[in-house]
There are 2 protein chains.
Amino acid sequence: MTAPQPDDLWPDVRPEAARRLMAAAVTSFAERGYHATTTRDIATAAGMSPAALYVHFPAKSAVLFAISRSGHERMLAMVERVVADDPDPVVTMRTLVERFVAWHAKRHVVARVVQHELAALPPQEYEVVADLRRRTEQHVRDVITAGVSLRQFEVPDVRTAARAVLGLGIDVARWYTPTTRPAPTELGRQYADLVLRMLGHHDRTD
Amino acid sequence: MTAPQPDDLWPDVRPEAARRLMAAAVTSFAERGYHATTTRDIATAAGMSPAALYVHFPAKSAVLFAISRSGHERMLAMVERVVADDPDPVVTMRTLVERFVAWHAKRHVVARVVQHELAALPPQEYEVVADLRRRTEQHVRDVITAGVSLRQFEVPDVRTAARAVLGLGIDVARWYTPTTRPAPTELGRQYADLVLRMLGHHDRTD
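Please read all numbers here as calculations on a predicted model, not as lab measurements.

Counting residues at the interface gives 35 residues for chain A, matched by 35 residues for chain B. Carbon and sulfur atoms supply 57% of the area buried between chain A and chain B, which totals about 2,800 Å² over both sides. For chain A, the biggest contributors to the area lost against chain B are A:Arg163, A:Arg174 and A:Arg197; these three give 21% of the whole. Linking chain A to chain B there are zero salt bridges. Taken together, the connections running from chain A to chain B amount to six residue pairs in polar contact (both at pLDDT 80 or more).

Set out below in structure tokens:
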């Protein structure tokens, strides 16, 4: 398992102690699951006392929420940037899948926590994350719908297609390891090719 | 969360008490994760004493192994049946994805445990399950390779394509709920269409 790098993952989180706690929590949640991890485990792994943890996070669920929200915000921001960059649905979908897949491969440890521990969030926090997910999924549907209008894509059901696109990327975090080949960027390219075919684009480029 | 039905899931497991313990364990593992579940939790949920659990399973990990091996054996047996039934790679792939996806949707609670708690298995038990996974994946690769030889499929990388096919199906268990639409069988059909396109088949049927 690759230890997450706090500065790299959460450059905006201040102070540095909070970042260290989030990184320690990711490792513990990924190894033992959220429920079997105590605030003491997290604090100890971060080289701090449990009391020091509570200065930054009121509860274990607040650490999970910070990790989960950050991951989902990052994915939504990435998708919004890609959508804004180029009006062509094919270019947009290719870039979106490349980046989404590469992130889930490179950041597979944090991505597993972000994607698989949702059910452990308290209701209000879950709603915040669910909203970020809905907005991300809506962008993907919009790109597919735009491609269908331009006859670049052809899909029987836009909702199912969007689920499949995101699901392919999310699933990468489940099986990717530091020794997996191809590297994250190349895997992203291969998956983007597969997704464009899946959306009915392949036949128009031959 | 839909409670798993022991008789339906594990018709071959005897005696009935062992099946009941496996079903109780699936529910507990799915709710709290493997590490936060105790043998006492499992026994209590099955209406038994911890001592009664040990009559059937020497440890908590033995219950997880029984659940995981059974799920993986079932998937491998399904794939082997489908492969033996029809020599045509397109027909085989369609049936295989339909059944694989429908199972992961219908049995999403047990499938989540089967697919997401692998890391909690002891090394020897993990190896048994990893071997079942490798054999399943090899069948999927063989079907793709056969389709490529017959010019029914066209993929840049057979290994990546096989991962994507299985990953799409496995991911369904992550998000499927009892109220999700479409129903498991219809979702299987839609995903089979998407997979055949992804494998480069779509352009040859137009």
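There is more to say after this.
Superposition of chain A onto chain B requires a rotation of 180° combined with a translation of 0.0 Å along the rotation axis, giving an RMSD of 0.0 Å. A rotation of that kind, with that shift, is consistent with a two-fold axis. Residue by residue, 100% of the interface of chain A is reproduced at the interface of chain B, so both copies engage with the same surface.

All names here are of chain A. The end-to-end C-alpha distance of helix H9 (residues 158-175), which contains 18 residues, comes to 27 Å, matching closely the 26 Å that a straight helix rising 1.5 Å per residue would cover. Counted residue by residue, H9 has 16 buried out of 18 residues, so it is predominantly covered. Of the residues that open H9, the one with a side-chain oxygen 3.1 Å from the backbone nitrogen of Arg-159 is Asp-157.

What follows is about the side chain of A:Thr92. Residues and elements named next belong to chain A. With respect to the secondary-structure elements, Thr-92 resides in helix H6 (residues 89-106). A relative accessible area of 4% places Thr-92 in the buried class. Those residues in contact with Thr-92, other than ones at most four positions away along the chain, are Val-82, Val-83, Asp-86 and Val-143.

With respect to the helices and strands, B:Arg174 occurs in helix H9 (residues 158-175). When its relative accessible area of 16% is taken as the criterion, B:Arg174 is described as buried. Within polar-contact distance, the side chain of B:Arg174 engages the side chain of B:Asp171 at 2.7 Å. In contact with B:Arg174, other than residues within four places in its own chain, are A:Gln115, A:His116, A:Arg133, A:Gly167, A:Ile170, B:Arg112 and B:His116.

Here we come to the environment of A:His72. Following the sequence through the fold, A:His72 ends up in helix H5 (residues 60-85). Those residues within four positions of A:His72 in sequence are excluded, and the remaining contacts are A:Val114, A:Gln115, A:Leu118, A:Val129, A:Leu132 and A:Arg133.

How each quantity is defined
Residues numbered from 1 in each chain as written. Chains lettered and ligands numbered in written order. Predicted model: local features only at pLDDT ≥ 70, side-chain atom pairs only at ≥ 80, totals over all residues. Heavy atoms only, no water. Contact = heavy atoms within 4.5 Å. Buried area = accessible area lost by both parts, 1.4 Å probe. Salt bridge = Lys/Arg side-chain N within 4 Å of Asp/Glu carboxyl O. Polar contact = N/O pair within 3.5 Å; in protein donor to acceptor, adjacent residues only side chain to side chain. Least-squares fit on C-alpha atoms with pLDDT ≥ 70 in both. Helix = DSSP H or I, 4+ residues; strand = E, 2+ residues; numbered from the N terminus. Expected span 1.5 Å × (residues − 1). Buried < 20%, exposed > 50% of the residue type's maximum accessible area, 1.4 Å probe, protein only.

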